[in-house]
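Now for the letters of each chain:
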Amino acid sequence: MWTRASRSRMADLEKRAKRYPTDLTDEEWAIVRSFLPAPPKRGRKPSTHLREVLNALRYLARSGGGWRMLPKDFPPWQTVYWWFRRFVRRLLFRTIHDVALMLDREQEGREQSPSAAVIDSQSIKAPVAEERGFDAAKKVVGRKRHIAVDTDGRLLMVNLTTADISDSAGAQSIVGSIQKRWPWLKHLFADGAYDRTKLMDAVGYRDFVLEIVRRSDAEPGFKVLPRRWVVERTFGWMTRWRRLVRDYEQRLDVSEAMIHLALGSLLLRRIAHP
């Protein structure tokens, strides 16, 4: 039952709903709220509204600021961080992202579970990571993001490793577990770096089809390659969120949660405001 104080808080929240472009709209909040933990029936009621916590996290991911630099409009950064760690343990951001992905595919007239994916990797600097590696090809010290996306660029799975891990080795982990989340997926597209014996054996063992889309050096200049350009656009979507330009997280699970938070927010906006 709504009290006068709770009505006043909600009215004040609605009045300030568009303080920042990253704030959840009412339509987005209607989709997300069912995934959040319910308030306890006993004991002290929480004084922080979880919508405000999510607003703070989306602002943090988009602006690239530190926890202690959250504006005063949001709850205290310690409260936001406490809820964030709890959400990470519950895999909340991945769950919201995957549900939003299925809704977005359905809205576009596609099957909820994709049947084909494109895999690629991105090496980025990770100045505070617990473990880092050196990518000799990209001359980057940090981590590598191995991702699989559907044929429209929606993120299906991400595997984070140190930057010295090869593309084919990082993809083996994706091949080994992606069907647990997307059971109808059978066809993979990749570039020439994935044409390796161990990866081919792993793909054949799990009844996948791996199609290598090779670059042609016969024609000069930049050429858009079929399928492969889609995954590059996904990396572009990531780097629009400044927290993802580099990997600022120490832990891999936190880094993965930030990726799902960012790309899940993009999908939510597309669903709620087509």
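Our structure's up above, just so we're on the same page.
Colleague: Which residues make up the pairing of strand 5 (residues 187-190), and what values do they have?
Modeller: Along any regular strand the residues' side chains alternate between the sheet's two faces. Note that strand 1 (residues 116-125) and strand 5 share 3 bridges and pair parallel. Within strand 5, the position partnered with Ala116 by the bridge is His187. Where strand 5 and strand 6 (residues 209-212) come together, 4 bridges link them in parallel fashion. When the bridges of strand 6 are listed, His187 appears paired with Val209. Crossover connection from strand 5 via helix 7 (residues 197-205) to parallel strand 6: handedness right-handed.

Colleague: Explain the pattern of salt bridges to me, and be specific about the residues and the numbers.
Modeller: Tallied over the entire structure, the rule returns 16 salt bridges. Close ionic contact of Asp152 with Arg154 constitutes a salt bridge, the shortest N to O distance being 3.2 Å. Judged by its relative accessible area of 28%, Asp152 falls in the partly exposed class. By relative accessible area, which is 3% here, Arg154 ends up buried. Ionic pairing is found between Arg243 and Glu249, a salt bridge with its closest N-O pair at 2.8 Å. Assigned by exposure class, Arg243 and Glu249 land together as buried. Linked through salt bridges whose partners overlap, the residues forming this network are Asp104, Arg105, Arg110, Asp150, Asp152, Arg154 and Arg270.

Conventions used here
Residues numbered from 1 in each chain as written. Predicted model: local features only at pLDDT ≥ 70, side-chain atom pairs only at ≥ 80, totals over all residues. Heavy atoms only, no water. Pairing = 2+ DSSP bridges. Helix = DSSP H or I, 4+ residues; strand = E, 2+ residues; numbered from the N terminus. Right-handed = clockwise from strand over helix to strand, strands pointing away. Salt bridge = Lys/Arg side-chain N within 4 Å of Asp/Glu carboxyl O. Buried < 20%, exposed > 50% of the residue type's maximum accessible area, 1.4 Å probe, protein only.

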